[in-house]
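What follows is each chain in one-letter form.
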Amino acid sequence: MKACSFLPAATKMIYDMGLQDLLYGVTFECPAESAGKPAVVRCMLEGKDISSAGIDKIFSASKAQGKSLYYVEEALLQSIAPDIVFTQDVCEVCQIDTACTAAAVAKLEKQPLIVPLTPGNLEEVFHTAVTIARALGREESAYLYLASLQKRIDTIIDELRKHRAAPKRVMVMEWIEPIYNCGHWIPYQVAFAGGIDMLSNPGGDSIVTPWEKILRYDPEILVIAPCGFHIDRAKEELHLLSRKKGWDQLRAVSCDAVFVADYDLFTQPSPGTLVDGIELLAALFHPDIFTVPVSLQSKYGPVARQFDSHVQA
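Residues numbered from 1 in each chain as written. Predicted model: local features only at pLDDT ≥ 70, side-chain atom pairs only at ≥ 80, totals over all residues. Heavy atoms only, no water.

**Focus on the packing of helix H5 (residues 122-135) against helix H6 (residues 139-162)**
Then step 1. Where H5 meets H6, the closest approach of the two axes is 7 Å, and the angle between their N-to-C directions is 160°. The orientation of H5 with respect to H6, classified from their angle, is roughly antiparallel. Two packed elements cross with a definite hand, and for H5 against H6 that hand is right-handed. Between H5 and H6, the residues in contact are Phe126, Ala129, Val130, Ala133 and Arg134 and Glu139, Ala142, Tyr143, Tyr145, Leu146, Leu149, Gln150 and Ile153, respectively.
Then step 2. Here the contact of H5 with H6 is built from residues that sort into 10 nonpolar, one polar and two charged. (Axes fitted to C-alpha atoms, helices over the stretch in contact; angles between N-to-C directions. Helix = DSSP H or I, 4+ residues; strand = E, 2+ residues; numbered from the N terminus. Parallel < 35°, antiparallel > 145°, perpendicular 65-115°, else oblique. Left-handed = near helix turned anticlockwise from the far one by under 90°. Contact = heavy atoms within 4.5 Å. Nonpolar A, V, L, I, M, F, W, Y, C, P; charged D, E, K, R; others polar.)

Structure (structure tokens):
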């Protein structure tokens, strides 16, 4: 059995379940543990330093033209001759989609099984692990993996209940310029962590969210985790928020409750990384009950109120 993963989340799950011996090809941005595997999927923007607004503009233009910025190393894929290819249809901006995958695979002498992973909420993300393990003939691995993750979620829920913790009014921001709310499984992560994000879109796409709407909502806690950005990259563009009119009046800002976090705790839909995200959010929302796990302390940071005071109209 030879598998290729065209999706970082699928690669992460394969490693988490101990099935990496069946993995022969990955993408250019798969998790570090897969560095020894050949990258069969690349992106035209790979290695380029582009602003949030620039990335949004490029992908919007590409989508409007019906083009993809992702491509397959066809000769490499041909040499691997996979039996299975895991791909996705959740977001054509973040990763190569099933249509592009099918076009590349159609040229192969040996036709692999294409397995699209299209979760819309947290429960469906968990089920993708079963889909992957079943396709690889190792279904039991998924159930053992998911049972350990569910236990971690149950621990958080039990603690919140024991302390009668009231949900915090929060916002998780998926993009900075323009501002996007959070969607799909992230609102469920927020809920399990003891928060509520009334600007989110549970089970659906994240969408552009007007600044005025955020001001009216006035979150107690703001978590900024732009898709594809680690915290250092996200911090480079925080001035785009701090210069907005009313920034200093937000409750989250005045209470020093603004944080940046690595994207892969939220917008990489692997059950393990999403449970890490829940544990981080629980500690940010309810620091009197939870502490940030040592393994996650490098994956987030508080945002100090020390930005350029220039205000946009």
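**Observations regarding unusual backbone geometry**
Then step 1. Note that the residue after Glu177, namely Pro178, is joined by a cis bond; omega there is 0°.
Then step 2. Secondary-structure assignment places Pro178 in the loop between strand S7 (168-173) and strand S8 (183-184).
Then step 3. Positioned with a positive phi, Asp256 is a non-glycine residue whose angle comes to about 55°.
Then step 4. Here Asp256 is to be found in the loop between helix H11 (251-254) and strand S12 (258-261).
Then step 5. What makes Asp256 partly exposed here is its relative accessible area of 44%. (Buried < 20%, exposed > 50% of the residue type's maximum accessible area, 1.4 Å probe, protein only.)

**Some details on the sheet that holds S7**
Then step 1. Read across the sheet, five strands follow the order S9-S7-S11-S12-S13 without closing on themselves; strand pairing throughout is mixed. Of all the strands in the sheet, just strand S9 (195-196) and strand S13 (300-302) have a single pairing partner and so form its edges.
Then step 2. Sitting on the sheet, helix H12 (residues 271-285) is in contact with S7, S9, strand S11 (221-224), S12 and S13, with an inclination near 145° to S11. (Pairing = 2+ DSSP bridges.)

**As for helix H1 (residues 8-16)**
Then step 1. Judged by how many residues are buried, H1 sits mostly within the fold: eight of nine residues are covered.
Then step 2. Gly18 lies just past H1 and shows a positive phi near 70°.

**With respect to the packing of aromatic side chains**
Then step 1. Overall, the coordinates contain three aromatic pairs when judged by the stated rule.
Then step 2. Between Trp211 and Trp247 the ring centres are 6.4 Å apart and the planes differ by 25°, which places this aromatic pair in the stacked class. Pair noted here: Trp211 is in helix H8 (residues 211-217) and Trp247 is in the loop between helix H10 (239-242) and H11, with a separation of 36 residues, a long-range link.
Then step 3. A relative accessible area of 9% means that Trp211 is categorised as buried. (Phe/Tyr/Trp six-rings, centres within 6.5 Å; stacked < 30°, edge-to-face > 60°.)

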